[in-house]
Structures are given as C-alpha cells and as structure tokens.
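Each chain is listed here by its residues.
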Amino acid sequence: MSWASGILGVWQWGKQGIVETYDYHLRPACPKCTVTGIDTVNTVRQGVPVVSDGSMAVGVSSITRLAGLSGAAAIGLGAYGAHVLAAGKEGVTEEQKKAFDVANRYHMVHSVALLGVPLVKRPRMTGGLMVGGMVLFCGTTYYHALTGDKQYRRFTPYGGILLIIAWLSMVL
C-alpha cells in the first residue's frame, strides 16, 4: 500500500462516517424521508413543540447558532487576551488580567449554557436573559480589562443579576 492510497483510504472512511452520522442525526425521522437522494434536511419536521400559550417553540436553532458564535468569540477573545495581556507587558495591571480571565470564563460557561436553553419551558425568556447578562457582565468586564477604563464597570453587577435570573428561569 502506497502513502497516497493510505491517505485516500482514510479520506473515504472518514467521508462515509460523516455521511452516516449526518443521515442519522440531522435528517428528519419520518417514514416518508427515508428515500435516499432526496434532500430532506430542509423539510419541516412534524410535531414541532408547542409552548403552553399555544405558540410554536421557534428560535431553537437560532439560540444554538448564537451559542456557537458566542463560544467562538469566547475562544477568540481568550487567545487575543492571552497575547495582549501577556505577563511583562507595559501598562497592563494584575487587576486587568484577573478581570479578563473572569470575563472569558463566564463568557465560555454561558456560551455552553446557551446550548441547553432550547430544552427549557420558556427558551426565549431564558435566552434573552442569558444573552443580556453576558453582554452586560462579560462585555463591561472585557472593556475594563482591555482598556483599563472603569466607567462601564457600574453595569457589571446588573449583568450578573441577569445571569442569575436566567439560571433561575430554567426551573420555571
């Protein structure tokens, strides 16, 4: 077996596994949708969950997408902060480093928590509270850490309160 045929074999194996996983997890589970060759990904699933007020539970995928974007932003900001606020840089205080670490940790934790929001009874309320809390808490803390300016830090506790309320709203 040559090097090229080995790479091609791994590629084919990986491609087959991805297609099977895609078909199993992402295609709708309905008797009419088992025909291969037909794009069933964009069809509407039957039995969309209905919230107690009669409206359909929309925004589930948008919350999941928002969680993905937020997680990517948390990773990117973490990498940026690790280089900008590196030890030994002039003008960077220990307080700024700690503030950045706290903001980044809370940002990542709540990005992951957003993935669970579609499972709660009131996803829009919980998601809105959590995103608002992340913006106020993490945003003001990031701003302080990166600029050294404390003018917006007075809004940080309100973001923390929104995050607490978001977590509590999950039990409603």
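As the structure is a computational prediction, the values presented were derived from the model and not from experiment.

(A) Here's a closer look at the overall build of the chain. The secondary structure content of the chain amounts to five helices and zero strands. Secondary structure of the chain in N-to-C order comes out as α-α-α-α-α. Here the chain holds 172 residues, and the buried ones make up 27% of them.

(B) Broad picture of the packing of helix α3 (residues 94-114) against helix α4 (residues 123-147). One can describe the packing of α3 onto α4 by two numbers: an axis separation of 8 Å at closest approach and a directional angle of 160°. With respect to their mutual orientation, α3 and α4 come out roughly antiparallel. Read as a crossing pair, α3 and α4 show a hand that is left-handed. Residues of the contact of α3 with α4, tallied by class, amount to 15 nonpolar, nine polar and one charged.

(C) Up close: the side chain of H110. Among the structural elements, H110 can be located in helix α3. Owing to a relative accessible area of 5%, H110 belongs among the buried residues under this scheme. Ignoring anything within four residues of it in the chain, the contact list for H110 reads M130, M134, L163 and W167.

(D) Highlighting the packing of aromatic side chains. In the structure shown here, the tally under the stated rule is three aromatic pairs. Judged by centre distance (5.3 Å) and plane angle (55°), the ring pair of F100 and Y142 falls under tilted. Of this pair, F100 sits in helix α3 while Y142 sits in helix α4, and the two are 42 residues apart along the sequence. For F100, a relative accessible area of 4% puts it in the buried group. The exposure class assigned to Y142 is buried, which follows from its relative accessible area of 7%.

(E) Looking closely at helix α5 (residues 156-169). Taking 1.5 Å of rise per residue, 14 residues should cover 20 Å, and α5 covers 20 Å from first to last C-alpha, within 8% of that figure. Along α5, the residues that are buried comprise T156, G159, G160, L163, A166 and S169.

(F) View of the pattern of salt bridges. Summed over all chains, the structure comprises one salt bridge. The residue E95 makes a salt bridge to K150 at a minimum N-O spacing of 3.3 Å. Of this pair, E95 sits in helix α3 while K150 sits in the loop between α4 and α5; the two residues are 55 residues apart in sequence, bridging distant segments of the chain. For E95, a relative accessible area of 44% puts it in the partly exposed group.

Rules and cut-offs
Residues numbered from 1 in each chain as written. Predicted model: local features only at pLDDT ≥ 70, side-chain atom pairs only at ≥ 80, totals over all residues. Heavy atoms only, no water. Helix = DSSP H or I, 4+ residues; strand = E, 2+ residues; numbered from the N terminus. Buried < 20%, exposed > 50% of the residue type's maximum accessible area, 1.4 Å probe, protein only. Axes fitted to C-alpha atoms, helices over the stretch in contact; angles between N-to-C directions. Parallel < 35°, antiparallel > 145°, perpendicular 65-115°, else oblique. Left-handed = near helix turned anticlockwise from the far one by under 90°. Nonpolar A, V, L, I, M, F, W, Y, C, P; charged D, E, K, R; others polar. Contact = heavy atoms within 4.5 Å. Phe/Tyr/Trp six-rings, centres within 6.5 Å; stacked < 30°, edge-to-face > 60°. Expected span 1.5 Å × (residues − 1). Salt bridge = Lys/Arg side-chain N within 4 Å of Asp/Glu carboxyl O.

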